[in-house]
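Residues per chain, in single letters:
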Amino acid sequence: MRPDLNLVAALVGRDARVLDLGCGDGALLEQLITRQGCTGHGIERSIEGFHACIARGVPVSQGDLERELGELPSDAYDWAVLSLTLQAVRHPARVLVEMRRVAPRRIISLPNFGHWRLRAELALRGRMPSSRALPYSWHETPNIHLCTLRDFELLVAESDQVVERRVLLDGSGRPAGRTARLEPNLLATGAVYVLRDAAPTETVSSG
Amino acid sequence: MSESGLGRVETQLVVLFDGDDELVLESGARLTHVEVAYETYGTLDADGANAVYVCHALTGDAHAAGHHGDPARRGWWDNLIGPGRPLDTDRFFVVCANVLGGCRGTTGPASPDPATGEPYGLRFPQLAVGDLVQVHRALVRRLGIGRLLGAIGGSLGGMQVLQWALDHPGELAGGLVVAASARLSPQNIAFSAVAREAIMRDPDFAGGDYYGNARRPDHGLALARMIGHITYLSEESMRARFGRRIQDAAAPRRGFEVDFEVESYLRYQGESFVERFDANTYLYLTRAMDYFDPFGDAVATARKLAAMDTRFLVLSFDSDWRFSTEHAREIVRALEGGRVAVSFRELSAPHGHDSFLMPVPEYHRTVAGFLERLAVEAAVAPLVAGGG
């Protein structure tokens, strides 16, 4: 399993109800179901991914993530997971809202377009950057909404959510070393975020 | 995949309910003699754990696969059932029975009422989908099957699978619901109402007591079939199959007789249908579909879903406008909301509602994959305890 998915599995814990958006071959959900006592559902666009999930016994809906997400019942899950996919959806802000609707806690991982290597590639070579996490050339990439960690955290704040936890990732998808924490938006290759709703602000009655 | 399919098969008859063990219907009505026509393919394992039950749709019967003597005339789901096919009869024991209220060997309105010796006609009690399921369950018990590996059905067949899993936890490991609905739309009911009107307004209908008569409501039943058949096809499949071609003539005759090929086809569908189908069965089964609403009571639904241990595969076809993908999504939403393991896919196929009967490769691959997984899980599960 991808290292970042191991991290997600550890965050989810046991006996939870999990929605995995863009679940690929179902490896994360299979682990959660068989080893961590969870129940779950995946959404996967690719036909091969869908068949792989069926073969693993992972419940899955085949189709467009944004379309299928809208079909799911509200508050049906403990966790909604979106792994390295936010940058490929048409309406990232809308997806964040829909994820809030279906689950009280969300895990979102994303590549950091503010990483120094990518910045350098654009600045020095004058070319659209690519990396291990972002291997496509500009004209064929599915990643239409790339952002930096700072951009993402601003969007989170604007949507009345708070970051409960943030794990910075290195180039291999594993938790990054201490150095990355000095300047995450420059030094981390990506990050895994745990989001929850902002606590409702206390209203003081006057009178 | 085997090209030859199953060989010769036979329909068998069994009495499942009698005076000592009556069938009590959801309405409270009782049937004191219920005979069922069924077929089986493949071999039941020693532990009875490899059985897959096939539920047929409105106009189907027990003869799902193989042939009755003429290898060219094969069962209605022959492309799905057989050696090497998705319902692989080298591995699975496949059962299909004509439903209660049917007219192809199972007790229905054409059967004699034991109280009078005369055919029931419209004195046959109203049926619910759950009543059809009760008879399937009795057959499963009679055949010595334990927990079913799966039950599969398209359209009305899928409704039976859904009802079965909801009402009887523990009996189905897997439920495969294809081109079905949990609740007919007003448009569905409207088509079904027109079909029933066509039958009941036929002068030969005689209030349902036409069995001894020289003439039966053939015109009405044929018309009902023609209406139904239009809803089973898609506009695209009709265009591809018939276009606007003229039948048996170089130029349009421009009268009111059959001129277009599609008219000829529909007429043939109607005329051949009356040879094998009973008008009263059409009334009873379409009515059972109209009232089907297994998720209608939210409290009961929540309780049933909490007890459910069936894993579902729900499939729809993009060209099906009788039970469109929206119907399938409604089923998925209800199951998912109840934390039932459900997989869903809208398949692409041009044949409209009838797609579920067609050998669409991705459809068959999905069914085969889902059954394979159920088989794997059944094999790793501990054997049924032998007593202590």
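Residues numbered from 1 in each chain as written. Chains lettered and ligands numbered in written order. Predicted model: local features only at pLDDT ≥ 70, side-chain atom pairs only at ≥ 80, totals over all residues. Heavy atoms only, no water.

Brief notes about the domain arrangement of chain B
All names here are of chain B. Defined as follows: Domain start and stop points were drawn from an automatic or database domain assignment. The contact definition used throughout considers only heavy atoms, calling two residues in contact when any of these lie within 4.5 Å. Here the quantity called buried area is the total loss of accessible area, with a 1.4 Å probe, experienced by two parts when brought into contact, counted for both. Put simply, a salt bridge is a Lys or Arg side-chain nitrogen that is within 4 Å of an Asp or Glu carboxyl oxygen. Each polar contact in these results corresponds to two N or O atoms within 3.5 Å; when the atoms are within protein, one needs to be able to donate a hydrogen and the other to accept it, and residues that are neighboring in sequence are counted only if both atoms are side-chain atoms. Under the grouping applied here, Gly and all other residues not named as nonpolar or charged are polar, the nonpolar ones being Ala, Val, Leu, Ile, Met, Phe, Trp, Tyr, Cys and Pro and the charged ones Asp, Glu, Lys and Arg.
What the domain assignment reports for chain B is domain 1 (12-185 + 293-380) and domain 2 (188-286). Taking only C-alpha atoms into account, the centre of domain 1 sits 26 Å from that of domain 2. Contacts between the two partners involve 32 residues from domain 1, matched on the other side by 28 residues from domain 2. For the pair domain 1 and domain 2, the two sides together bury roughly 2,600 Å², of which 60% comes from carbon and sulfur. As a salt-bridge pair, Arg123 and Asp209 come within 2.9 Å of each other at their nearest N and O atoms. If you look at where domain 1 meets domain 2, you find 15 residue pairs in polar contact (both at pLDDT 80 or more). Grouping the amino acids of the side of domain 1 that touches domain 2 by side-chain chemistry returns 17 nonpolar, 11 polar and four charged.

Topic: the nonpolar core
Definition in use: Among buried residues, those of type Ala, Val, Leu, Ile, Met, Phe, Trp, Tyr and Cys that are joined through side-chain atoms within 4.5 Å constitute a nonpolar core. Buried, partly exposed and exposed residues are distinguished by accessible area as a fraction of the type maximum, computed with a 1.4 Å probe on protein chains only: under 20%, between the cut-offs, and over 50%, respectively.
One finds Tyr53, Leu100, Tyr282, Phe312, Val314 and Leu335 of chain B to be the most contacted residues of the largest nonpolar core, which totals 76 residues. Excluding its chain neighbours within four sequence positions, the residues that come into contact with Leu100 of chain B are Leu23, Leu25, Leu31, Val34, Thr106, Thr107, Phe124, Leu127, Asp131, Leu132, Val135 and Leu285 of chain B. Membership of the second largest hydrophobic core comes to 58 residues, among which are Leu5 and Val192 of chain A together with Val52 and Ala375 of chain B.

Quick look at the pattern of salt bridges
This is how it is decided: Here a helix means four or more residues in a row that DSSP labels H or I, a strand means two or more in a row labelled E, and each is numbered from the N terminus.
All chains considered together, the criterion is met by 42 salt bridges over all chains. For Arg100 of chain A, the salt bridge goes to Asp197 of chain A, with nearest N and O atoms at 3.1 Å. Here the residue Arg100 of chain A occupies a position in helix α5 (residues 92-102), and Asp197 of chain A occupies one in strand β7 (residues 190-197), the gap between them amounting to 97 residues. Owing to a relative accessible area of 34%, Asp197 of chain A belongs among the partly exposed residues under this scheme. Of the charged contacts in the structure, one is a salt bridge between Glu362 of chain B and Arg345 of chain B, with a shortest N-O distance of 2.7 Å. Taken together, the positions of Glu362 of chain B in helix α10 (residues 361-380) and Arg345 of chain B in strand β12 (residues 342-347) put the pair 17 residues apart, joining distant regions of the chain.

With respect to the packing of aromatic side chains
Residue and element names in this part refer to chain B. For clarity, the cut-off: Pairing of aromatic side chains here covers Phe, Tyr and the six-membered ring of Trp, requires ring centres within 6.5 Å, and sorts the geometry by plane angle: under 30 degrees stacked, over 60 edge-to-face, intermediate tilted.
Applying the stated criterion across every chain, the model contains 14 aromatic pairs over all chains. Here Trp77 and Phe356 contribute two aromatic rings whose centre-to-centre distance is 6.1 Å and whose plane-to-plane angle is 90°, an arrangement assigned as edge-to-face. Taken together, the residues Trp77 in the loop between β5 (51-55) and β6 (81-82) and Phe356 in the loop between β12 and α10 connect sequence positions 279 residues apart. Aromatic side chains Phe317 and Tyr363 sit 5.1 Å apart centroid to centroid with 90° between the ring planes, which places their arrangement in the edge-to-face category.

So, the pairing of strand β10 (residues 172-178) of chain B
Residue and element names in this part refer to chain B. Cut-off, in case you're wondering: Strands were regarded as paired on the criterion that DSSP finds at least two bridges between them. Assignment of crossover handedness uses the view with strands pointing away from the viewer, where a clockwise path from the first strand over the helix to the second indicates a right-handed crossover.
Extensive coverage of β10 is indicated by the burial of seven of its seven residues. Pairing between strand β9 (residues 148-154) and β10: six bridges, direction parallel. Residue pairing for β10: Gly153 is matched across the bridge by Val177. As for the winding sense of the linkage, the β-α-β connection from β9 through helix α2 (residues 156-167) to β10 is right-handed. In the sheet, β10 pairs with strand β11 (residues 311-317) via five bridges, with the strands oriented parallel. Opposite Gly175, over in β11, you have Phe312 as the bridge partner.

Side note on the packing of helix α3 (residues 186-200) of chain B against helix α4 (residues 218-232) of chain B
Residue and element names in this part refer to chain B. Here is the rule we go by: Axis definition: a line fit to C-alpha positions, over the contact stretch in the case of helices; interaxial angles, taken between N-to-C directions, run 0 to 180 degrees. The labels follow the angle: roughly parallel below 35 degrees, roughly antiparallel above 145, roughly perpendicular from 65 to 115, and oblique for the rest. Helix crossings fall into two classes, left-handed where the near helix is turned counterclockwise from the far one by less than a right angle and right-handed where it is turned clockwise.
Closest axis-to-axis distance for the α3/α4 pair is 7 Å, and the angle between their directions is 165°. Taken together, the axis directions place α3 and α4 in an arrangement best described as roughly antiparallel. Classified by chirality, the crossing of α4 by α3 is right-handed. Every residue of α4 that contacts α3 at Phe191, Val194, Ala195, Ala198 and Ile199 is listed here: Gly220, Leu221, Leu223, Ala224, Ile227 and Thr231. When its residues are assigned to classes, the contact of α3 with α4 shows nine nonpolar, two polar and no charged.

Comments concerning unusual backbone geometry
All names here are of chain A. Of note in this structure, Asp75 is not a glycine but carries a positive phi near 50°. Note that Asp75 resides in the loop between α4 (65-71) and β4 (79-83). Not every positive phi belongs to a glycine, and Leu84 is a case in point at roughly 50°. Mapped onto the secondary structure, Leu84 falls in the loop between β4 and α5.

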